[in-house]
Each structure stands twice: as C-alpha cells, then as structure tokens.
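So the chains spell out like this:
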Amino acid sequence: AVYGDHDAGIYDDELLDRFAPTGTTLDSDIQRRSVPLLVDLPGTEYDGTRVSSPTGQIDVAPTLAHLLGITPPGAMLGVDRLGSSSAPVVFRDGSFVDPDTYYSNDVGCRALGTDDELPAAQCQERADQAVTQLRVSDLMLDHDLMAEYP
C-alpha cells in the first residue's frame, strides 16, 4: 500500500487547471486536497478496485485491516472505505467532504456535483462532528491513548 501524506501544494487556480482541469472553484478546492492511496492485491476480490468516494488518511488503517482480514481495535478512528460508509472525511481546518456535500469556511456548504450553495444549517451538525473528531484525534495522539489497546 502506498499513500501520499499531503496535498500537491498547488494553490494557484490557473496552474492547477492546467494540470488537472476541474471546472469549478469547489472542484479546485477538493482537487487540491486529494492524495492517492494505492493498494495492490492481485488475486483477491479487490483486484483492480477503485474507491472514488471521499477518503482520508484516518481511514487507511481500518481499510487495510479489512483487506487483511484483521478486526481493528475499537479505539481506532476512521472507517473502512471499501464498505458503504458515508462518513465524512474531516480535514485539519475543520472542513469536510462526504459523498454529497463539501463544507469549508472558504466556500461554505456546497452540493457535490452541482456546486450549488446549500443552507449553512444543512452542514452544521456534520461541521460540529468534524470539530469533535479532530479533538478526539488530538487527545489520542497527545496523550498516547492508543498504547492502552493491544
């Protein structure tokens, strides 16, 4: 498995569109945050599978555990993205993307696919959950709480 640990660092819209045409400001924002996860499992049911739904670094371990037939510990954050999860992917700045919606302080609450602006209230609950997820992740790392689990 190979995973990129950060975005491409291309913040100039014109330059980004030259190499990865996107079409909208929303698409550009999402494209900037995209990093690849490559897993090669020939001879398995997942051979050649492409996961195109939003996925975050926090989801890599549970997804790999699934592929390896390992049950992840209950304290593990993230979700197995090979399942039918619609859990949002949370970014460090509190923005998130799920299969239908993108939210950030810069662009607000938007519908994926159409770039339509949605009422802020439609994203508020998930935005609050995103902040909570970041706090839990920070506490687990800052206090080495995963050491408590075998």
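The rules behind each value
Residues numbered from 1 in each chain as written. Predicted model: local features only at pLDDT ≥ 70, side-chain atom pairs only at ≥ 80, totals over all residues. Heavy atoms only, no water. Pairing = 2+ DSSP bridges. Helix = DSSP H or I, 4+ residues; strand = E, 2+ residues; numbered from the N terminus. Buried < 20%, exposed > 50% of the residue type's maximum accessible area, 1.4 Å probe, protein only. Polar contact = N/O pair within 3.5 Å; in protein donor to acceptor, adjacent residues only side chain to side chain. Contact = heavy atoms within 4.5 Å. Disulfide = S-S within 2.5 Å.

Next up on the list: the pairing of strand β6 (residues 108–111). Inspection of the sheet shows strand β5 (residues 101–104) paired to β6 by four bridges, in the antiparallel sense. Within β6, the residue paired with S104 across the bridge is G108. Where β5 folds back onto β6 in an antiparallel hairpin, the turn is made up of three residues.

Let us now look at the sheet that holds β5. Judged by pairing direction, the sheet is antiparallel, and its four strands sit side by side in the order β3-β4-β5-β6 without closing on themselves. One side of each edge strand has no neighbouring strand; the edge strands of this open sheet are β3 (89–90) and β6.

To continue, consider the pairing of β5. The side-chain alternation of β5 yields two buried faces, one formed by T101 and Y103 and the other by Y102 and S104. Bridge count for strand β4 (residues 96–97) against β5 is two bridges, and the pairing is antiparallel. Looking at the pairing, F96 lines up with Y103 of β5. Linking two consecutive strands that pair antiparallel, namely β4 and β5, is a turn of three residues.

What follows is about the side chain of D98. Among the structural elements, D98 can be located in the loop between β4 and β5. Residue D98 is classed as buried on the basis of its relative accessible area, which comes to 4%. At 2.8 Å, the side chain of D98 and the backbone nitrogen of D100 are in polar contact. A polar contact is formed between the side chain of D98 and the side chain of R126, at a distance of 2.2 Å. What D98 contacts, discounting residues up to four positions off in sequence, is P54, S86, P88, L112 and R126.

For the rest of this paragraph, the subject is the state of the cysteines. Summed over the entire model, instances satisfying the criterion amount to one disulfide. A sulfur-sulfur distance of 1.9 Å marks the disulfide that ties C109 to C123. What sets the handedness of the C109 and C123 disulfide is the S-S torsion sign, and at about 65 degrees it is right-handed. On the criterion of sequence distance, the pair formed by C109 in strand β6 and C123 in helix α4 (residues 120–142) is long-range, its members being 14 residues apart. With respect to class, C109 is no different from C123; both count as buried.

Geometric values such as these leave the question of function open.
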